[in-house]
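Coordinates in review
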Amino acid sequence: MSNISNLSVNTLRMLSADAIQAANSGHPGLPLGAAPMAYQLWAGHMAHNPKNPAWPNRDRFVLSAGHGSALMYSMLHLFGYGLTLDDLRAFRKTNSATPGHPEYGHTAGVEITTGPLGQGIANAVGMAWAENYLANTFNKPGFPVVGHYTYAICGDGCLQEGVAAEACSLAGTLQLGKLILLYDSNNITIEGDTKISFSEDVLKRYEAYHWHVQLVEDGNDLAAIAAAIEAAKAVTDKPSIIEIKTQIGFGSPNKVGKASAHGEPLGDAELAATKVNLGFNPDEFFHVPAEVQKHMAEIIEAGAKKEAAWSAMLDGYKAAHPADFAKMEQWYNGDLPDLLNDEDFWTYEGNLATRISSEKVLNKVAQVVPSLFGGSADLAPSTKTIMAGRGSYSPENPTGANLHFGVREHAMSAIANGMMVHGGLRPYVAGFFVFSDYAKPALRLSALMGLPVINIFTHDSIGVGEDGPTHQPIEQLAALRSIPNFTVIRPCDTKETAAAWLAALTRKNSPTAIVLTRQNTPLLAETGKNALKGAYILKDSKKATPDIILMATGSEVELIYNAHALLAEKGIDARVVSMPSWEIFEEQSPEYKENVLPGAVTARLAVEAASSFGWERYIGLNGCIIAMDGYGASGNYADLLKLFGFTVENVVAKAVEIAKK
């Protein structure tokens, strides 16, 4: 190391250790061991401008090992992203800019929320995939307006997670040459030496994934790290992994190389000894030497010049290719056409499975939203999520917009999160609803970050039929509805499916799941734009106050719709309410909600071929629900619906019972 580089690295180490000690909480091991690779990457190789963290063509950086957040925050402070020393002192404190794990949208310079191990690697794959597609779509000779790298730092734990394996296997297949993974290889996890559970040769595994692999034997050798990064950048047809051998807790005389360095503050005495060991004053805290400040100012200015040069090139691109420039602006701004007032968007015929309804709507959307970019976990022919005429993405066809994720639901959703935060694209993903369980951690993070990723889940109930209970979702609707800031829409026909797509496209800060049937559903005359309110009156009572309110979602709306007339014959005046989205309904005004579900009407019946969990809020103490509180069975779907009570006759019988209480 040069003297200034050595001093900068050790400053990062000490700022991180001070922050963790002040919080009496955190993970000092990674910052002490990985500071050299992080410094070398940010100071010598990344194109970034701390004065504008949102520069579209910046290199992306993901700290997949998000427990090492103290290092991230120390970097953001030194490199001029606006974090102050007071912010570092407030590490892990309530309402601070420096939470325990990096959070998207919370701290300038943090590209994506990480912490659940392996997610960040998959997110980085999504960012690199987005960059590749956008570059091949918009770049012109002499104008590489999209041209940046995606870097991630991970640890042993990240590489043990299945989501990382899924994503990296796909990245190698896609030949994402601008993805570079720096592997902080210290052979330690919380339980001790990795040999107790993690013995494979990681680089051989990544060679099998078709990655470019390198080994740096000494994690403090900045020159070797720099050479490895440059060698990785020179390989354009493979993603790269650089295994960098480090010592967890480096510099700490008594904790270096030990599992205790992973997630425990050093303690006052050990922190003082570490400072002495690294040439710092043990009585100084949160100290940044003047030489380091000067050095960082030069790096910050160089970053600003890189963006300025890019901006000048963009001006030339705009002059030479005005139509492409306008299109690129639309993509990055997320501009949408006025589908609400487009009559063709709402015009459909025939009784269809809502998965086929979605296919029709998707292809209308794809014609007018060219930034739509998505696919399925090897199920597109069944989920009906192929955009006609848009081609399939591959290394040979990098402008194809239909994506093939393989049988990798978890990675698929995490990759979509990375695409969404990258900007310029509107990703959607698809799979069978029962396998949303595989994607759950990434779906939760999507909601936590407020990313409007569109999730298409088909085969939504016991209507799956012969595949049986392993493939028949029961509790999945309740599970997704339980995620804060996650929008679930289960439409009953093609027009409600159009409303679901429009709602998903216009959500700004929430992911959406559109949940769809395998079996046909009737196209009802009364459905349409009102579904955008989440719940609405489909058929009303003749009385000012109905005798009973019938509620349902999806394919079960047909049952309550047909029950209306039969109940009238029995002298029961019912209101029929379609409720495709609880979350959107809850966003409506109190007056609207009272109009649809008046509190004075306590006789209520809900019908949904899924778990009853959560319906209590709408049926109240005097209501009832026809639902599935056990698993399904294998058989013809019509037979199963009858077996489990999803018939008009059963709806009528239950409604009569409730209404006459």
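This text follows the structure it describes.
Description of the structure in this document. Because the structure is a prediction, the values reported are computed rather than measured. (Residues numbered from 1 in each chain as written. Predicted model: local features only at pLDDT ≥ 70, side-chain atom pairs only at ≥ 80, totals over all residues. Heavy atoms only, no water.)

1. A short note on the overall build of the chain
Just so we agree on the cut-off: Helix numbers and strand numbers start at the N terminus; a helix is a DSSP run of H or I with at least 4 residues, a strand a run of E with at least 2. Radius of gyration here uses only the C-alpha atoms, and the compact-globule reference equals 2.2 Å multiplied by the residue count raised to the power 0.38. Whether two residues are in contact is decided by their heavy atoms, any of which lying within 4.5 Å being enough. We get accessible surface area from the Shrake-Rupley algorithm with a probe of 1.4 Å; when it comes to residues, only the shown protein chains can shield them.
If you tally the helices and strands in the chain, you get 25 helices and 20 strands. Rg of the C-alpha trace for the chain: 28 Å, near the compact-globule value of 26 Å for 661 residues, within the 12% margin. For the chain, the share of sequence-separated contacts (at least 6 apart) that also reach a separation of at least 24 residues comes to 76%. Surface exposure of the chain reaches about 24400 Å², of which carbon and sulfur atoms provide 51%.

2. Details of helix α20 (residues 557–569)
The following threshold applies: To get the bend at a residue, fit one axis to the 7 residues ending there and another to the 7 starting there, then take the angle between the axes. Think of it in three bands: with a 1.4 Å probe and only protein chains considered, a residue is buried below 20% of the maximum accessible area for its type, exposed above 50%, and partly exposed in between.
Considering bend angle alone, the principal kink of α20 is centred on Ala563 and spans about 30°. Along α20, the residues classified as buried are Val557, Leu559, Ile560, Tyr561, Ala563, His564 and Leu567. As for α20, its buried residues are in contact with β16 (536–539), β17 (548–552), β18 (574–578), β19 (604–607) and α25 (648–659).

3. Some points on the sheet that holds strand β9 (residues 372–376)
One key point about sheets: their strands pair by backbone hydrogen bonds, in either a parallel or an antiparallel sense. How we decide: Any two strands between which DSSP finds at least two bridges are classified as paired. Comment: axis = line fitted to C-alpha atoms, over the contacting stretch for helices; angle = value between 0 and 180 degrees taken between N-to-C directions.
With respect to topology, six strands assemble into an open sheet ordered β10-β9-β11-β12-β14-β13, the strand pairing being parallel. Every other strand in the sheet has two partners, leaving β10 (402–404) and β13 (487–489) as the edge strands with one partner each. Neighbour-to-neighbour, the strand axes of this sheet turn through a mean angle of 20°, independent of strand direction. Its contacts with the sheet place helix α16 (residues 409–422) against β9, β10, β11 (426–432) and β12 (454–458), and it is angled at close to 170° to β11.

4. Observations regarding the sheet that holds strand β6 (residues 212–216)
Strand order in the open sheet formed by five strands is β1-β2-β3-β7-β6, with parallel pairing between adjacent strands. Unpaired on one side and paired on the other, β1 (60–63) and β6 mark the two borders of the sheet. For this sheet, the mean inter-axis angle between neighbouring strands, taken without regard to orientation, is 15°. Pairing geometry for β1 and strand β2 (residues 150–155), over four bridges, is parallel. Within β2, the residue paired with Phe61 across the bridge is Tyr151. This element, helix α5 (residues 119–138), spans β1, β2 and β3 (179–185) of the sheet and lies at about 170° to β2.

5. Description of the packing of α5 against helix α7 (residues 162–174)
The condition is simple: Each angle gets one of four labels, with under 35 degrees taken as roughly parallel, over 145 as roughly antiparallel, 65 to 115 as roughly perpendicular, and the rest as oblique. Handedness of each helix crossing follows the sense of rotation of the near helix against the far helix: counterclockwise by less than a right angle gives left-handed, clockwise gives right-handed. Throughout, the ten residues Ala, Val, Leu, Ile, Met, Phe, Trp, Tyr, Cys and Pro are labelled nonpolar, Asp, Glu, Lys and Arg are labelled charged, and all others, Gly among them, are labelled polar.
One can describe the packing of α5 onto α7 by two numbers: an axis separation of 8 Å at closest approach and a directional angle of 25°. Between α5 and α7, the angle falls in the class roughly parallel. Remark: the crossing between α5 and α7 carries left-handed chirality. Residues Gln119, Ile121, Ala122, Val125 and Trp129 of α5 lie in contact with α7, whose contacting residues are Val163, Ala164, Ala167, Cys168, Leu170, Ala171 and Leu174. Each residue belonging to the contact of α5 with α7 can be placed in one class, and the counts come to 11 nonpolar, one polar and no charged.

6. Here we look at the pattern of salt bridges
Put simply, the test is: Criterion for a salt bridge: a side-chain nitrogen of Lys or Arg within 4 Å of a carboxyl oxygen of Asp or Glu.
With the rule as written, the count across this model stands at 20 salt bridges. In this structure, Glu111 and Arg58 form a salt bridge, with 2.7 Å as the shortest nitrogen-oxygen distance. Residue Glu111 is found in the loop between α4 (85–89) and α5, and its partner Arg58 is found in the loop between α2 (29–44) and β1; the two are separated by 53 residues along the sequence. Like Arg58, Glu111 is buried. Close ionic contact of Lys539 with Glu526 constitutes a salt bridge, the shortest N to O distance being 3.7 Å.

7. Quick look at the side chain of Asn57
Rules: Any pair of N or O atoms that falls within 3.5 Å is considered a polar contact. Within protein, one atom must be able to donate a hydrogen and the other to accept it, and sequence-neighbouring residues count only if both atoms are side-chain atoms.
In this fold, Asn57 is placed in the loop between α2 and β1. Note on Asn57: relative accessible area 8%, which makes it buried. In terms of polar contacts, Asn57 uses its side chain to reach the side chain of His148, at 2.8 Å.

8. Quick word on the packing of aromatic side chains
Just so we agree on the cut-off: Pairing of aromatic rings covers Phe, Tyr and Trp, the last counted by its six-membered ring, and requires centre-to-centre distances within 6.5 Å; plane angles under 30 degrees mean stacked, over 60 mean edge-to-face, and any other angle means tilted. Remark: a charge is flagged as sitting over a ring if the NZ atom of Lys or the CZ atom of Arg is within 6 Å of the ring centre and within 35 degrees of the ring normal.
In the structure shown here, the tally under the stated rule is 25 aromatic pairs. Between Phe585 and Tyr592 the ring centres are 6.4 Å apart and the planes differ by 65°, which places this aromatic pair in the edge-to-face class. Here Phe585 matches Tyr592 in class, with each residue buried. An aromatic cluster of at least three residues, connected via ring pairs, comprises Trp129, Tyr133, Phe138, Trp331, Phe373, Tyr393 and Phe405. A cation over an aromatic ring shows up here: Lys233 above the ring of Tyr149, its NZ or CZ 5.1 Å from the ring centre. The positively charged end of Arg481 is found above the aromatic ring belonging to Trp582, 3.8 Å away from the centroid.

9. Let's talk about the nonpolar core
Operational definition: To define a nonpolar core, start from buried Ala, Val, Leu, Ile, Met, Phe, Trp, Tyr and Cys residues and group those joined through side-chain atoms within 4.5 Å.
Within the largest apolar cluster, 193 residues are counted, with the highest numbers of intra-cluster contacts made by Trp42, Trp129, Leu159, Ile415, Leu550, Met551 and Met579. The biggest single contributor to this core is α5, with 12 residues. The contacts of Met579, once residues within four sequence positions are left out, are Gly534, Ala535, Met551, Ala552, Thr553, Phe585, Leu597, Trp615 and Tyr618. If you look at the next biggest cluster of nonpolar residues, it comprises 13 residues, including Ala447, Ile483, Ala513 and Ala610.

10. Some points on unusual backbone geometry
Phi is positive for Gln175, close to 60°, though the residue is something other than glycine. For Gln175, a relative accessible area of 35% puts it in the partly exposed group. One non-glycine residue, Asn187, lies in positive phi territory at about 60°. On the basis of relative accessibility, which here comes to 31%, the residue Asn187 falls in the partly exposed class.

11. What to know about the environment of Ile549
By secondary structure assignment, the location of Ile549 is in strand β17. Placed 510 residues apart in sequence, Ile549 and Tyr39 show a C-alpha to C-alpha distance of 63 Å.

12. Notes on the packing of α20 against α25
Put simply, α20 and α25 touch, their axes get as near as 9 Å, and they point 60° apart. It follows from the interaxial angle that α20 and α25 lie oblique. Note that α20 runs across α25; the crossing there is right-handed. Of the residues in α25, those in contact with Leu559, Ile560, Asn562, Ala563, Leu566 and Leu567 of α20 are Val648, Val651, Val652, Ala655 and Val656. Tallied by class, the residues present in the contact of α20 with α25 amount to 10 nonpolar, one polar and no charged.

13. Some remarks on the side chain of Arg604
Keep this limit in mind: Lys and Arg are tallied as positive, Asp and Glu as negative. Neither His nor the chain termini are counted.
Tracing the sequence through the fold places Arg604 in strand β19. Buried charge Arg604 goes without a salt bridge, the closest partner of opposite sign being Glu594 at 6.3 Å. Engagement of the side chain of Arg604 in a polar contact is seen with the backbone oxygen of Leu597, the distance being 3.4 Å. Within the structure, the side chain of Arg604 is placed 2.8 Å from the backbone oxygen of Val601, a separation counted as a polar contact. For Arg604, the contacting residues outside a window of four places in its chain are Ile548, Ile549, Met551, Leu597, Pro598, Gly599, Tyr618, Ile619, Gly623, Cys624 and Ile658.

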